[in-house]
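# Summary of structural features
Listed here are the chains, written in short residue letters.
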Amino acid sequence: MIRVGLQLPNFTFPDRPTAELFDIVADAARAAEESGFDTVFVMDHFFQLPILGRPEQEMLESYTLLGALAARTERVNLATLVTGVTYRNPAHLAKAVTTLDVVSKGRAILGIGAAWFQEEHDALGFEFPSTRVRFEMLEDALHICRRMFTQRQASYEGTHFSIKDAWSSPQPVREGGPPILIGGNGEQRTLRLVAEHADASNLICGFDEIPRKLEVLDRHCADVGRDRREIGVSMLGTCIIGPTHEAAVATLSDLVGSRGVDPSTLPLDDIPQLRKLFPRFVIGAPDEVTEQVAELLALGLDGVVFNMPTQTDDPEAIALAGRAITAAHG
């Protein structure tokens, strides 16, 4: 389902007024669509994540943003990577995703996970239950969303969430409802829920961990009597690309420098060593990126999703990445 996805994680653009933020993001989404990306993702967070910046930096609400992007794009799928189950009642979530599917004429995907960012929960007053409870909530949400995507009036009695004769009208445009993608790579619970409920999985792990995660998912699918090929598996990484190797290295230097790392301490001319230091990065000129993505696909992935945290406001870089990553599929 997802072959080439772009995640937009950054909405901080110095010297650009707030009124221009959406136009910048919309330009990025259009550049992605025109260059071969099939899905555009945004994070479902209210604060910027620690690894990407400071909590006071700009963060747009995901479903409002996706609805607006639906009006500015024509072909790309639209989704969160991923919605935290703690942030919305599942029936409300199902209605929001169905509305996105209607607005986009059948391009919505439900990305969902068990949530993790406790600082955000505490600051905004969202309850942050134990891991066990959050996974119970996630299982309820999966049942409720699937029912509401496929039935005009649905009921479900869950551990934490229930619906009774809940109307879901209109129904989604996409036949069978928006696909359900579960994000995360926990081997005991997350991948088990993928096998039981999901159309797609997005792994967030080092590239060297991918073969083991796929083996675990294969076992879960066998346990529940499901063909693993029914589930599209992608991974989330970071792409640092430039028209030349030197330009990509300069972009990487700017990124690590903004995070307090001295670029002069890095082996910037040694891509294999850089990838050991940054185990979820692909780095380089277009041909280097194509080669590295092809290596990932050879591990058994169906697709890849990349963010470009320092290049969200650079449609040319996004287009360069789209063409290079798409070429890895042959």
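In this text, all values refer to a predicted model and were calculated from it rather than measured experimentally. (Residues numbered from 1 in each chain as written. Predicted model: local features only at pLDDT ≥ 70, side-chain atom pairs only at ≥ 80, totals over all residues. Heavy atoms only, no water.)

Across the interface, helix H1 (residues 21-35) lies against helix H2 (residues 62-72) with an axial gap of 10 Å and an inter-helix angle of 55°. Taken together, the axes of H1 and H2 are oblique relative to one another. Classified by chirality, the crossing of H2 by H1 is right-handed. Contacts from Phe22, Asp23, Val25, Ala26, Ala29 and Arg30 in H1 reach Leu65, Ala68, Leu69 and Arg72 in H2. A breakdown of the residues in the contact of H1 with H2 according to their chemical character gives seven nonpolar, no polar and three charged. (Axes fitted to C-alpha atoms, helices over the stretch in contact; angles between N-to-C directions. Helix = DSSP H or I, 4+ residues; strand = E, 2+ residues; numbered from the N terminus. Parallel < 35°, antiparallel > 145°, perpendicular 65-115°, else oblique. Left-handed = near helix turned anticlockwise from the far one by under 90°. Contact = heavy atoms within 4.5 Å. Nonpolar A, V, L, I, M, F, W, Y, C, P; charged D, E, K, R; others polar.)

As enumerated under the stated definition, the model contains 17 salt bridges in all. Between Asp199 and Arg146 there is a salt bridge, and its shortest N-O distance comes to 3.2 Å. One end of the pair, Asp199, is in the loop between helix H6 (190-197) and strand E9 (200-203); the other, Arg146, is in helix H5 (residues 131-150), and 53 residues separate them in sequence. Looking at Asp199, the relative accessible area reads 22%, which means it is partly exposed. Given the relative accessible area of 25%, Arg146 is considered partly exposed. It is possible to trace a salt-bridge network through shared partners that takes in Glu187, Glu209, Arg212 and Lys213. (Salt bridge = Lys/Arg side-chain N within 4 Å of Asp/Glu carboxyl O. Buried < 20%, exposed > 50% of the residue type's maximum accessible area, 1.4 Å probe, protein only.)

The next subject is the state of the cysteines. Across all of its chains, the model carries zero disulfides by this definition. Unpaired in terms of disulfides, Cys221 finds its nearest cysteine sulfur in Cys205, a separation of 16 Å. (Disulfide = S-S within 2.5 Å.)

One pass over the full model with this rule turns up five aromatic pairs. Judged by centre distance (5.1 Å) and plane angle (20°), the ring pair of Trp116 and Phe117 falls under stacked. (Phe/Tyr/Trp six-rings, centres within 6.5 Å; stacked < 30°, edge-to-face > 60°.)

The next subject is the side chain of Asn77. As for its placement among the helices and strands, Asn77 is situated in strand E3 (residues 77-80). At 2.9 Å, the side chain of Asn77 and the side chain of Arg174 are in polar contact. If near-sequence neighbours (up to four positions away) are discounted, Asn77 is found in contact with Asp38, Thr39, Val40, Arg107, Ile109 and Arg174. (Polar contact = N/O pair within 3.5 Å; in protein donor to acceptor, adjacent residues only side chain to side chain.)

What follows deals with the nonpolar core. In this structure, Leu110, Ile112, Leu296, Leu301, Val304 and Ile325 are the most contacted members of the largest nonpolar core, which totals 88 residues. Counting residues per element, this core draws most heavily on H5, which supplies 10 residues. Excluding its chain neighbours within four sequence positions, the residues that come into contact with Leu296 are Phe207, Ile210, Met235, Val282, Leu301, Val304 and Phe306. Counting residues in hydrophobic clusters, the runner-up holds 12 residues, among them Leu255, Ile271, Phe281 and Ile283. (Core = buried A, V, L, I, M, F, W, Y, C linked by side-chain atoms within 4.5 Å.)

This next bit is on the pairing of strand E12 (residues 303-307). Counting buried residues in E12 gives five out of five residues, a clear majority hidden from the surface. Across the two faces of E12 the burial is the same, with Gly303, Val305 and Asn307 and Val304 and Phe306 all buried. The sheet contact formed by strand E1 (residues 4-8) and E12 spans four bridges and is parallel. Paired with Val4 across the bridge in E12 is Val304. Where strand E10 (residues 232-241) meets E12, five bridges bridge the pair, whose relative direction is parallel. Looking across to E12, one finds that Gly237 is bridged to Phe306. (Pairing = 2+ DSSP bridges.)

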